[in-house]
Amino acid sequence: MFRKGRKRRTGQGVVSVFHFDNSYARLPDRFYASVYPEPVEGPVLLKFNEALARELGVEADYSDPARLAAIFAGNVVPSGAMPLAMAYAGHQFGNFVPQLGDGRAILLGEVVDNQGRRRDIQLKGAGPTPFSRRGDGRAALGPVLREYIVSEAMHALNIPATRALAAVATGEAVQREQVMPGAVFVRVAASHVRVGTFQYFAARGDNDGVRTLADYVIERHYPQLKDEANPYAALLQAVASRQAELIAGWMGIGFIHGVMNTDNMTISGETIDFGPCAFLDEYDPMKVFSSIDQMGRYAYRNQPGIGQWNMARLAECLLPLLDADEEKAVEVANTVLKTFGERFQAAWISVFRQKIGLRTEAEGDGDLVQELLGVMKDGGADFTLAFLRLADCAEGRTAAFLDLFADPVAAAGWLAKWRERLAVEEGPEKERAAAMRLVNPAVIPRNHRIEEAISAALVGDLSLFQRLLQALEKPFEERPEFAVYTDPPKMDQRVTQTFCGT
């Protein structure tokens, strides 16, 4: 179905870096297009995640940045690689596009890491593919650094996410709204199968393709489901549960994805694609940063509902597999979709109980959390700092918490209710405070710090990028040397919009 890439790459098959075992490339040809990276003029290694490389079993001379740059830019394709661009469709801001696919990403192959997990190695910005839709297949430096920062921050914050293996400058310019330096991002994922991958085959009436993909996903991500009476219903349930838990995790750290299209929702349950993402400063449930989300579809508060909507689109794809009787298949799907809401609510209250230091469950806990969020919104309190300083309140120190609110009287009123709730629990308060600090970060990748690091990098200074990554390595610790990264932005530092970067 797709044009196959020409195998004319310098150094192809010469370097053994990854121990590839490429299961996706063994699927039928209609699942992808074989395409090789386009070499770049002057690759320079900007950042290499050595710890992750060792985890993946990467065999290379880590002291040779020029060689690493050539590999990670796509100039040298390692032996065993079977480069391809994956086919998928997707709903973009509610509008269905029957063919999207990897327009600027090339999957080199898969490795099994030292924990026995199969993981994709993908180059973003490595040149055009049959899915590029008149695009150049390249990436600009700013979005590459943003994805590196945020993906590694999410990992440190214990949120399932794709990982960053390397960032490479290409030595070439890319034309966007203006001319920008080009770069390649090396992404690691449990897989790149998306809701949109299923939609691609369903839109074509290719039920065999849907079944083949579902069987592949079960084998790769959910092997425990193979013996279920209805493994496809169990698959839908498993994916819905992972997505519900993932989004609850986002809500707990004030993360706004910004572009929750179905082609940006993985079947594995990892956060993927960090283009216009952002983190809350002051709490506002309807906050939107993404410049392309002009109607607020993917606002902070709307994320759980969009997650359920996306799961409904997956359910539509799986209907022919759920039951031969269409009415029964719809009934099965609706049952699973209902459990998404239930699972999200359970995960959400679990996240926020921990954030406010509750050890037990009690009726009214959800109302207590919602009241705090309301006081935070009315008082303009910083989302991250409010929960961080609440841990101080568990030890009797309230000043720093109350100082965050324009109306400290309302905040003090909520504290009184919180203390009443804590009074029914047992255990030392220092232990409570310590537990709260394990889930309430001191450092997040604040929007203004990301922009600051990118702006410096665009003029050749990577020091702020490196420093920000160091601060984010241990987000739950208040380290004096990184105290500035805990602070919210001043008025002149506020970032009000983020951009997709494609």
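On a predicted model such as this, the values are computed, not experimentally measured, just so you know.

Let's shift gears to the confidence of the model for the protein. Looking at the protein, pLDDT values average 95 and 97% of them are 70 or higher. The low-confidence segment residues 1-13 (pLDDT under 50) makes 39 contacts with residues lying over four places distant or belonging to another chain.

This paragraph deals with the nonpolar core. With 169 residues, the main nonpolar core has F198 and W418 as its most contacted residues. When residues in this core are grouped by element, the largest group, 15 residues, is from helix α6 (residues 231-253). In this structure, W418 is in contact with I356, L368, L390, C393, A394 and M436, ignoring residues within four places of it in sequence.

Take the packing of aromatic side chains next. For the structure shown, the criterion picks out 22 aromatic pairs. Members of the aromatic cluster, connected to one another through ring pairs, are Y283, Y300, W348, F352, F383 and F387. The side chain of R194 reaches across the aromatic face of Y88, ending 4.5 Å from its centre. The positively charged end of R204 is found above the aromatic ring belonging to Y200, 3.7 Å away from the centroid.

A positive phi angle, close to 70 degrees, is found at N158, a residue other than glycine. Take N158: it is sitting in the loop between α3 (141-156) and β9 (163-175). Residue N158 is classed as exposed on the basis of its relative accessible area, which comes to 61%. Phi is positive for D273, which is not a glycine, with a value near 70 degrees.

With that settled, consider the pattern of salt bridges. For the structure shown, the criterion picks out 40 salt bridges. Taking the shortest distance from any N to any O, the salt bridge between R187 and D273 comes out at 2.8 Å. Of the two residues, R187 sits in strand β10 (residues 179-189) while D273 sits in the loop between β11 (255-256) and β12 (278-279), which places them 86 residues apart along the sequence. We classify D273 as buried; its relative accessible area is 12%. The shortest N-O distance in the salt bridge between R437 and E395 comes to 3.2 Å. Residue R437 is located in helix α13 (residues 429-437), and its partner E395 is located in the loop between α10 (383-393) and α11 (399-402); the two are separated by 42 residues in the primary sequence. The exposure class of E395 is partly exposed, given its relative accessible area of 26%. One network of salt bridges, with partners in common, ties together R389, D392, E395, R397, K430, R437 and E478.

Turning to empty space enclosed by the protein, a few remarks are in order. Overall, the coordinates contain two cavities of 30 Å³ or more when judged by the stated rule. For the largest cavity, the calculated volume is near 70 Å³. The wall of the largest cavity is formed by 13 residues, among which Q243, W250, H257, N264 and M265 lie closest to the centre. With three residues, the top contributor of residues to the lining of the largest cavity is α6. Approximately 30 Å³ is the volume attributed to the second largest cavity. Along its surface, the second largest cavity is lined by G252, I253, K355, F383, T384, F387 and P441. In terms of residue count, α10 provides more of the lining of the second largest cavity than any other element does, three residues in total.

Let us now look at the pairing of strand β6 (residues 105-112). Of all the eight residues making up β6, seven are buried; the element is thus mostly covered by neighbouring parts of the structure. Two elements, β6 and strand β7 (residues 118-124), share seven bridges in a ladder whose sense is antiparallel. Along β7, the bridge assignment pairs L107 with Q122.

The next thing to look at is the environment of D293. Structurally, the position occupied by D293 is in the loop between β12 and α7 (303-322). The class of D293 is buried, set by a relative accessible area of 4%. When the C-alpha atoms of D293 and E245 are compared, they prove to be 24 Å apart, with 48 residues separating the residues in sequence. If sequence neighbours within four positions are ignored, D293 has contacts with F93, G258, V288, Y298 and A299. At a separation of 3.2 Å, a polar atom in the side chain of D293 contacts the main-chain amide nitrogen of G296.

Attention now moves to the environment of S268. By the element assignment, S268 lies in the loop between β11 and β12. Overall, S268 belongs to the buried group, its relative accessible area being 7%. Once residues lying within four places of it in the same chain are set aside, the contact partners of S268 are A190, S191, H221, Y222 and R242. Within the local environment of S268, its side chain forms a polar contact with the side chain of T266, the two groups lying 3.4 Å apart.

The rules behind each value
- Within each chain, residue numbers correspond to sequence positions counted from 1 in written order.
- This being a predicted model, a pLDDT of at least 70 is required before a residue's local features are given, and a value of 80 or more before pairs of side-chain atoms are given or counted; all residues contribute to the totals for chains, interfaces and linings.
- The side-chain figures draw on all heavy atoms in the structure; neither hydrogens nor water molecules are used.
- Confidence of the prediction at every residue is given by pLDDT, a number between 0 and 100.
- Whether two residues touch is decided by their heavy atoms; if any such pair falls within 4.5 Å, the residues are in contact.
- What we call a nonpolar core is a set of buried Ala, Val, Leu, Ile, Met, Phe, Trp, Tyr and Cys residues that are connected through their side-chain atoms within 4.5 Å.
- Note on exposure labels: buried denotes an accessible area under 20% of the residue type's maximum, exposed denotes more than 50%, and partly exposed covers the range between, all computed with a 1.4 Å probe on protein chains only.
- Here a strand is any run of E in DSSP of at least two residues, a helix any run of H or I of at least four, and the numbering for each starts at the N terminus.
- Under the pairing criterion, centres of Phe, Tyr and Trp rings, with the six-membered ring standing for Trp, must be within 6.5 Å; the plane angle then separates stacked pairs below 30 degrees from edge-to-face pairs above 60, leaving the rest tilted.
- Definition used: whenever NZ (Lys) or CZ (Arg) falls within 6 Å of the ring centre and also within 35 degrees of the ring normal, the charge is taken to sit over that ring.
- Salt bridge, as used here: a side-chain nitrogen of Lys or Arg that lies within 4 Å of a carboxyl oxygen of Asp or Glu.
- Two kinds of site are reported from a 1 Å grid over the protein atoms alone, namely cavities, where a 1.4 Å probe fits but cannot get out, and pockets, open sets with protein on both sides within 12 Å along at least five of seven lines, and residues are called lining when an atom falls within 4 Å of a point.
- Grid points are joined across faces, edges and corners, and a volume is the space filled by probe spheres set on the points.
- DSSP bridges decide pairing: two strands pair if at least two such bridges lie between them.
- Between N or O atoms, a polar contact is any pair within 3.5 Å; within protein, one atom must be a potential hydrogen donor and the other a potential acceptor, and residues adjacent in sequence are included only when both atoms are from side chains.

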